[in-house]
Each structure stands twice: as C-alpha cells, then as structure tokens.
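# Fold and geometry: a report
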Amino acid sequence: MLIETHAHLDYPDFANDLEDVLRRATDAGITRIITIGTSVESSRRAVDLAEKYPNVFAVIGVHPTYVEKAGEDVMTPLRELAQNPRVVAIGETGLDYHYLPSAKVAKEKQVQVLAGALRTETDEEIEAQIHDGAYKSKQASLFQQQLDLAVELGLNVVIHQRDAWDDTLEIVRPYTDKLRAVFHCFGGSLEQANEVLDRDHLVSFTGIVTFKNGAAVREVAAQVPLWKFMVETDCPYLAPVPFRGKRCEPAHTRIVAEAVATARGLPLEEVAEATTETAEKFFRFK
Ligand SMILES: [Zn+2]
Ligand SMILES: [Zn+2]
C-alpha cells in the first residue's frame, strides 16, 4: 500500500491513456494519487480529476515558474476551488531561480562568444538583471499569498524549491506552527532536510533516488527519520530507473519506495506503511 503524493495527471502527457495509467497504479499497490495543480487552469483540471476518480485527490496552486502567465488575481479562483472537499492542500508553490531571465541572456551570449563575436555587457543583459529582480519578487509575492490562503483554510502546503533555498526558508519561517509544508522532490543536504524537519515540515523523494548520479539524495533518504518523509514521482517527469527518460507515471511510486527501502536496509512494507501514514496525516483525506 503506497500513496503517490505528487503527480501531474492533468498534463497532456496523460490525455490518451489516463484510465490505463490509473489501473497500472492500482495494480502496483498505489491506493491514492495526489494530482498537483501548477496554474489556476491546471488546478481546476486537478479538481475535476479528483471528483471523477475516487482514489485521486487534488492540490491546487500556482507554480513559481508560472507566475508571469498568472492573472492579476489568482487567489479568488484558488479560494473558490479550495471549497471542494477533494482539495487536500495548497501548492505547488514556492521559489524557482533555475531559469532566470539573465541566465537565458547569458546562455545566448555564450553562443555568440563561441561563434567568435566580440562581447561587452549589453543593454540586454542589464535589462535581464532588472527582470530577475521583478521575477523573483513576483514569485515571492504569490508564494506568500498562497501560504496565507493555506493558513486561512487550515490546509498544508506543497512547496517547490529550486536554487532558492535561503529565500524559500525565509518566506516560510513566519508560518512555522501555522501550517506544515512538504519540500517536494527534495534534493538538498541532510542539514537542509533537518532544518525543515525540525520545524515539523516534511520532505519527499522522487525517482532521483534511483539515478546513478542520485547518490547524495539516496543518502539523505537513508538518513532522515522514517516518519518524516513521503514518496512521489512528480510524473510525467523524473521516471526512475529502468524507465529513465520515458514518461513517468504514478505506478512508479513503488520503484521510488523500493529504492528508499533498499537505501535504508528495510523491507518495502515498512517504508510503505510509514510513508502512507505520514501522507494520511499530512493531507487529511476526507
Ligand atoms: Zn515541483
Ligand atoms: Zn510538480
């Protein structure tokens, strides 16, 4: 028995064979699947799926890399959607500095340098740095608003964080004791994991624990307390070995749990039982 705590079932990748995908998950012992919204539209689709399938539940929110496409007021539609009893948390929300506007310009510059063109700092680069600041503050603002909404509704939060650890923690810190968060697709150090676990938050692990270059994450998954983490796939991304590079799906949660169990030297059943109970407490299914 396992709970897939982070899937994107509303993505077009699953449009043609969702029923088969869900059946394979059931066959693999996945009793519940949490489908995660990344925009207002995606959150609406997540709620629709959760209403249609009894073992699917929805988390609704706006992903940090979608903030520029988000409308003026995303809180009103999110608040409305959250009234649905199939909604079990707010997210995914957080900060993602991986693809900043300046990084894109820097990459283009690199191409030009390789092509032999002469380079000095361009207006374009200066402008990109200004855009970085605006982009980061828009992410921070929407993150904070979603944390406030979660407190207002008494829901927990699914956090997406990439290359923005310190800023993310700074924003979450005032919410300690008001809500619990899961730092999904955890890829940090054991010290970073403990930093959030000490504040009663959780981490969750994806198929990265099966990757050849995933030794550091595997080690963290082996070390964190058994009752402080959950398992997920983040499908359609991050398919575990031996499916790496293919479309990922919720059935692969089992492979993730097996890899964590092996890393900890435990039978799969023990990891399954602990992570399922942790997820039940965190999402409080109705
Ligand atoms: Zn994410
Ligand atoms: Zn995700």
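See above for the structure.
Residues numbered from 1 in each chain as written. Chains lettered and ligands numbered in written order. Predicted model: local features only at pLDDT ≥ 70, side-chain atom pairs only at ≥ 80, totals over all residues. Heavy atoms only, no water.

### Points about the packing of helix 8 (residues 215-223) against helix 9 (residues 253-264)
For the pair helix 8 and helix 9, interaxial distance at closest approach is 8 Å and the crossing angle is 70°. One finds that helix 8 runs roughly perpendicular with respect to helix 9. Along the contact surface, helix 8 presents R218, A221, A222 and Q223, while helix 9 presents V260, A263 and R264. Looking at the contact of helix 8 with helix 9, its residues break down into four nonpolar, one polar and two charged. (Axes fitted to C-alpha atoms, helices over the stretch in contact; angles between N-to-C directions. Helix = DSSP H or I, 4+ residues; strand = E, 2+ residues; numbered from the N terminus. Parallel < 35°, antiparallel > 145°, perpendicular 65-115°, else oblique. Contact = heavy atoms within 4.5 Å. Nonpolar A, V, L, I, M, F, W, Y, C, P; charged D, E, K, R; others polar.)

### Description of the pairing of strand 1 (residues 2-7)
Across the six residues of strand 1, six count as buried, placing the element largely inside the fold. Each parallel crossover has a hand, and the one from strand 1 via helix 1 (residues 18-27) to strand 2 (residues 30-36) is right-handed. (Buried < 20%, exposed > 50% of the residue type's maximum accessible area, 1.4 Å probe, protein only. Right-handed = clockwise from strand over helix to strand, strands pointing away.)

### Quick look at the coordination of the zinc ion (ligand 1)
Protein-derived ligands of the zinc ion (ligand 1) are E92 (OE), H160 (ND1) and H184 (NE2), with the metal-ligand distances lying across 2.1 Å. If you list the donors of the zinc ion (ligand 1) from N- to C-terminus, the spacing comes out as E-x67-H-x23-H. (Donors = N, O, S within 2.8 Å, 3.2 Å for Na, K, Ca; no water.)

### Let's talk about the side chain of T5
Looking at where T5 falls in the secondary structure, it is placed in strand 1. A polar contact of 2.7 Å, which involves the side chain of T5, links it to the backbone oxygen of V231. Setting aside chain neighbours within four positions, we find T5 in contact with I34, I36, S204, M230, V231, E232, A279 and F283. (Polar contact = N/O pair within 3.5 Å; in protein donor to acceptor, adjacent residues only side chain to side chain.)

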